[in-house]
There are 2 protein chains.
Amino acid sequence: MKSDGTMVNAFVAGQAQLSAEETRMVERRQKLLGPAYRLFYQHPLHIVQGQDVWLHAADGRKYLDAYNNVASVGHCHPHVVAAIAKQAAILSTNTRYLGDAILDYAERLIATMPDALQHVMFTCTGSEANDLAVRLSRDFTGNEGFIVTNNAYHGVTDAVSAMSPSLGPGVPLGKNVRTVPAPFGDGSAFAAGVEAAIADLARAGVKPAALMVDTIFSSDGVFADPAGFLTGAVEAVRRAGGVFIADEVQAGFGRTGDGMWGFMRHGLVPELVSLGKPMGNGYPVAGLVMQPKIVAGFGARARYFNTFGGNSVAIAAASAVLDVIENQGLIENARQVGAYFLEGIKSLGAPQMGEVRGKGLFVGVDIVRDGVDDGAQAQRIVNGLRDAGILISATGPRGHSLKIRPPLTFTAQHAELFVSQLGKVMRNTLA
Amino acid sequence: MKSDGTMVNAFVAGQAQLSAEETRMVERRQKLLGPAYRLFYQHPLHIVQGQDVWLHAADGRKYLDAYNNVASVGHCHPHVVAAIAKQAAILSTNTRYLGDAILDYAERLIATMPDALQHVMFTCTGSEANDLAVRLSRDFTGNEGFIVTNNAYHGVTDAVSAMSPSLGPGVPLGKNVRTVPAPFGDGSAFAAGVEAAIADLARAGVKPAALMVDTIFSSDGVFADPAGFLTGAVEAVRRAGGVFIADEVQAGFGRTGDGMWGFMRHGLVPELVSLGKPMGNGYPVAGLVMQPKIVAGFGARARYFNTFGGNSVAIAAASAVLDVIENQGLIENARQVGAYFLEGIKSLGAPQMGEVRGKGLFVGVDIVRDGVDDGAQAQRIVNGLRDAGILISATGPRGHSLKIRPPLTFTAQHAELFVSQLGKVMRNTLA
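These numbers were taken from a predicted model, which means no experiment stands behind them. (Residues numbered from 1 in each chain as written. Chains lettered and ligands numbered in written order. Predicted model: local features only at pLDDT ≥ 70, side-chain atom pairs only at ≥ 80, totals over all residues.)

### A closer look at the interface of chain A and chain B
Tallying the contact residues gives 80 residues for chain A and 80 residues for chain B. Elements supplying a minimum of two residues to the side of chain A that touches chain B: α1 (20-33), β1 (47-51), α2 (78-90), α3 (100-110), β4 (119-123), α4 (126-141), α5 (158-161) and α8 (292-301) of chain A. Among the elements that make up the side of chain A that touches chain B, the one with the highest residue count is α8(A) (7 residues). Within the side of chain A that touches chain B, the residues separate by chemical class into 47 nonpolar, 19 polar and 14 charged. (Contact = placed C-beta atoms within 7 Å. Helix = DSSP H or I, 4+ residues; strand = E, 2+ residues; numbered from the N terminus. Nonpolar A, V, L, I, M, F, W, Y, C, P; charged D, E, K, R; others polar.)

### Considering the relation of the copies chain A and chain B
Mapping chain A onto chain B is achieved by rotating through 180° and translating by 0.0 Å along the same axis, at an RMSD of 0.0 Å. Seen this way, the second copy is the image of the first under a two-fold rotation axis. Distance from the rotation axis, computed per C-alpha, reaches its smallest value in chain A at A:Ala85: 2.4 Å. (Least-squares fit on C-alpha atoms with pLDDT ≥ 70 in both.)

### Thoughts on the sheet that holds strand β7 (residues 208-214) of chain A
Residue and element names in this part refer to chain A. Here we have 7 strands laid out as an open sheet, ordered β4-β10-β9-β8-β7-β5-β6, and mixed in their pairing. A single partner strand is all that each edge strand has here, and the edge strands are β4 and β6 (177-180). Neighbour to neighbour, the strand axes of the sheet diverge by 20° on average, direction disregarded. (Pairing = 2+ DSSP bridges. Axes fitted to C-alpha atoms, helices over the stretch in contact; angles between N-to-C directions.)

### Examining the packing of helix α10 (residues 330-348) of chain A against helix α12 (residues 412-430) of chain A
Residues and elements named next belong to chain A. At a closest axis distance of 9 Å, the pairing of α10 and α12 adopts a crossing angle of 20°. Taken together, the axes of α10 and α12 are roughly parallel relative to one another. At the point where α10 passes α12, the crossing takes the right-handed sense. Across the interface between the two elements, Val337, Tyr340, Phe341, Gly344, Ile345 and Leu348 from α10 touch Ala412, Ala415, Glu416, Val419, Leu422, Gly423 and Met426 from α12. Considering only residue class, the contact of α10 with α12 consists of 10 nonpolar, 2 polar and 1 charged. (Parallel < 35°, antiparallel > 145°, perpendicular 65-115°, else oblique. Left-handed = near helix turned anticlockwise from the far one by under 90°.)

### Some details on the pairing of strand β11 (residues 353-359) of chain A
Residues in a regular strand point their side chains to alternate faces of the sheet. Residues and elements named next belong to chain A. Relative to strand β12 (residues 362-369), β11 runs antiparallel, the two sharing 5 bridges. By the bridge assignment, Met353 is partnered in β12 with Ile367. Connecting β11 to the next strand, β12, in antiparallel fashion are 2 residues, including Gly360 with a positive phi near 60°.

### Considering the nonpolar core
Ranked by size, the top nonpolar core spans 300 residues in total, and within it A:Ile84, A:Val194, A:Ala317, B:Ile84, B:Val194 and B:Ala317 carry the most contacts. Apart from the residues lying within four places of it in its own chain, the contact partners of B:Ile84 are A:Ile84, A:Ala88, B:Tyr283, B:Val313, B:Ala316 and B:Ala317. (Core = buried A, V, L, I, M, F, W, Y, C linked by C-beta atoms within 7 Å. Buried ≥ 20, exposed ≤ 12 C-beta atoms within 10 Å, placed from the backbone.)

### Re unusual backbone geometry
Omega for the peptide link from A:Asp225 to A:Pro226 comes to -5°, which places this bond in the cis form. In this model, A:Asn281 sits at a positive phi of 55°, which is unusual for a non-glycine residue. Even without being glycine, B:Tyr41 reaches a positive phi, approximately 75°. Of note, B:Tyr41 is situated in the loop between α1 (20-33) and β1 (47-51).

Keep in mind these values describe shape, not function.
What follows is the structure, encoded as structure tokens:
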């Protein structure tokens, strides 16, 4: 969502000539799903099949998917599909019976994190994981305040939508929520912003329960460098009695190419780490990893049960995803291909390209005109790439940053195809 | 959760002699999943396989499942398993692309409801569906108050856990939440309770956004009769400017045996209907059906996107569940077998049996001693049945109501086996 309240890259009726079939489908959606749903692109896509980095449309065209980070090990990866199919036929039940699979997965997941992070609780969505992080951080600290970035997105439950300014002015922020500018530079300005937010909360008699950030700052425009820029802000919130929640729904599971988790490159150990989208490669599974002290009091006084969270099939899917990340060396692939991809995009040197940022297979490209952020042109590029057979979107408060986030199986050849098409579209968009 | 804050039928270490293997698993759970998780039964079960109404344990024993309403068309139903496996191999993507399957499902689902209910929005869990109902009802009415029953359970997000007194005193209710006794008799006392809650909210300057009830009152102790008992309460909340949210996560999808939805037998048309557990027979899919006026304003000002909600595989699973309900005549089965089952339980006439209530395949049996609700004896019966190879649990504010909720494929023979074993366990428990 841009700061003017409109969604970046949303379909708006009348902008493109739809076929009779597409018109029928759009009208039927409106009637059956109601007015809160949005489609992507001026000319929406009717997708019927997915395979690795490709999405196939009903008209026979195939699209290079450089956007969907859910199918992070590739659409319909056969190892994950087989794991789901096998387990669904054997048992699909919940966490109130004993079973080794969930414990084996938990152990394997926790082993990828710093030692202090020792428990994992399972949910179905990143929203639920962040919502639980809100509950636990409030319970642990006894405080009520939350600090997020200006254009943050943390999910759609009541609690976390109130901490997601990127949902626009139609979704009010909570009374105890303060926003700070996303980090630029060495992080000193970000730390100062967090200090100011703490002071502003204090004037309302509120102490911070947590600073929550997406560690790649996806909805703010993709900010990865320099490593370490989060340190001062996290120290500030801890001094004030709050904790640090690393929202790894976007950055997690190897996307940044230099480790499994985005927070690691900042040299931090969060109190809570929330996981989501890529965790099951599309199967609804998510989780929250935490330091034991955070849940000790809550667990003594209360319980948490999520009917589908960590069910037998979810665990099979999530385990298969870890297998693929390891067996196919996808973190190393994200690092190598990501670096090559970033250089390729930079090398285009197109006149409308501002800063090109990213880490691994998460890239943001600012689009500017005469030194001013140009969301309208970014939209034209997104739609031009769609017409050229490549899927991306845009992000940031003015919708002017291209958001490029392909599956981790992206190869150098895919990167070259992308760069070549982006160059053409940039030239056409200027003309 | 009982009103003293302990969970009904939770494992407590030291109550039963566990094997070395079980002890190892319990300790490993505590270490990896932390203290907020609970297991069922004094002697927890290690389940490794599910088939129709049977759950198979690691030790080779099989258990008649008369508790798990998620696998509502039977554990690992081959039609549902095949639908999941097939779709997972073709495409698993989200609602921002066009596709007919989600629309076909939406149309089919909405056709089972009164005409005024016209839109469906998809989530992954019943908690998310209820959480969205909270957001939409507040947005539509402009009001902040919520009324639920004394021992209600509506989910685990921050917003709906604050409307779930059954989670116990460790999870505080919201400041704008009021509780009322569950309905007994003709509903006039329930309506009076809702009127009193509205008046109490008014004294705090708060108007009601909604009355939200589980239409089978599962966590309150299972209340189904007489049909129509909800009418007065719903009229009262509407007069005060609020709406009615029917939480069908427990009663929905045919369980009551006289229609797809629990609210229907009360002659009501809710503004919002939330769906969950049995919707995908274990695949994480849930939804919220609504009258268009509820979301018109919200949809104009804001959007809702749930990454996994209504994804391609979720829709395939949910569609397959509707197929099975129709093709196997499961609503009629729930009606017939449910009536036979209820009579069979009543005919036991055991001295500790108080009221036996239920509708279709959802039965509650009060356990009393000397006219007093006896939660401790109910626990012994639940654990005795487990040892006899049958799975149920208990519910209600004092944990004294047996909660019996088998898959809808339960047959007369299963009912007879259950009744015979229940009779034996009741005799042993008295002795």
